Amino acid sequence: MRSQISKTRLWIARIMSGLVILFMLFDGVFKLIQPAPVVEGTLVLGYAEHHIGVIGILALVSTVLYAIPRTAVLGALLLTGFFGGVIATQIRVDAPLFSHTLFAVYLAILMWGGLWLRDERVRKLLFVAKGEK
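Worth saying up front: this structure is predicted, and the values here are computed from it rather than measured. (Residues numbered from 1 in each chain as written. Predicted model: local features only at pLDDT ≥ 70, side-chain atom pairs only at ≥ 80, totals over all residues. Heavy atoms only, no water.)

Section: the overall build of the protein
Inference 1: Regarding its fold elements, the protein presents seven helices and zero strands.
Inference 2: Secondary structure of the protein in N-to-C order comes out as α-α-α-α-α-α-α.
Inference 3: Seen through its principal axes, the protein has C-alpha atoms that stretch 50 × 25 × 25 Å.
Inference 4: Scored against the burial criterion, the 133 residues of the protein give a buried share of 32%.
Inference 5: Restricting the contact set of the protein to residue pairs at least 6 apart, pairs at least 24 apart contribute 64%. (Helix = DSSP H or I, 4+ residues; strand = E, 2+ residues; numbered from the N terminus. Buried < 20%, exposed > 50% of the residue type's maximum accessible area, 1.4 Å probe, protein only. Contact = heavy atoms within 4.5 Å.)

Here you go:
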């Protein structure tokens, strides 16, 4: 049985999750379209041009799974792995810490925070409620 959450909390969760979804859809679609700046940026990061489409598909599939309430946790887990790869790539190329390397961490905080706010199962999974053992 689902417990009710306040409308304010629900809207904050939707905004947090929505920002992540919009960014990742934008990123994934542009990796499929492959305009010159995307190709150049990906090559600078050390990936071959034929990897760009695969990365885009992985981003889109994970994002769509996150956007669907029934599969949101699976999508969040897949996006967490995706973000880990982003962080590793940025570290490898000595990208600036706060603007580039940690950007995926900011997205992950928004993603998991939005899910935590709207899904009681995630709250129970991540933190033991007061009085529970």
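Regarding the packing of aromatic side chains
Inference 1: Tallying each qualifying case throughout the model produces three aromatic pairs.
Inference 2: Ring centres of Phe23 and Phe103 lie 5.2 Å apart, and the angle between their planes is 65°; this geometry places the pair in the edge-to-face category. Placement of Phe23 in helix α1 (residues 7-33) and of Phe103 in helix α6 (residues 103-118) is noted, with a sequence separation of 80 residues between them.
Inference 3: Accessibility expressed as a relative area gives 31% for Phe23, which makes it partly exposed. (Phe/Tyr/Trp six-rings, centres within 6.5 Å; stacked < 30°, edge-to-face > 60°.)

Notes on the environment of Ile55
Inference 1: Assignment of secondary structure puts Ile55 in helix α3 (residues 51-67).
Inference 2: Here the alpha-carbon distance between Ile55 and Ile91, two residues 36 residues apart in the chain, equals 18 Å.
Inference 3: Apart from residues no more than four positions distant in its own chain, Ile55 is found in contact with Lys31, Tyr47 and Phe82.

With respect to the packing of helix α4 (residues 72-92) against α6
Inference 1: Two elements in contact, α4 and α6, have axes separated by 9 Å at closest approach and are oriented at 165°. Taken together, the axes of α4 and α6 are roughly antiparallel relative to one another. Viewed along their axes, α4 and α6 form a crossing whose handedness is left-handed. Between α4, through Ala72, Val73, Ala76, Leu77, Leu79, Thr80, Phe83, Val86 and Ile87, and α6, the contact on the second element is made entirely by Ala104, Val105, Leu107, Ala108, Met111, Trp112, Leu115 and Arg118. (Axes fitted to C-alpha atoms, helices over the stretch in contact; angles between N-to-C directions. Parallel < 35°, antiparallel > 145°, perpendicular 65-115°, else oblique. Left-handed = near helix turned anticlockwise from the far one by under 90°.)

Re the UniProt feature "transmembrane region" (unreviewed entry) in the protein
Inference 1: UniProt marks residues 12-30, 50-68, 73-91 and 97-117 with the feature "transmembrane region" (unreviewed entry), using the numbering shown here.
Inference 2: As annotated, residues 50-68 comprises 89% helix and 0% strand, and the C-alpha atoms at either end are separated by 29 Å.
Inference 3: The annotated region residues 97-117 carries 95% helix and 0% strand content, and the separation between its end C-alpha atoms amounts to 28 Å. (UniProt positions renumbered as here; feature names shortened; annotations may be inferred.)

Focus: the nonpolar core
Inference 1: The biggest cluster of nonpolar side chains holds 17 residues, and the ones touching the most others in it are Met24, Tyr66, Phe83 and Met111.
Inference 2: Elements supplying a minimum of two residues to this core: α1, α3, α4 and α6. (Core = buried A, V, L, I, M, F, W, Y, C linked by side-chain atoms within 4.5 Å.)

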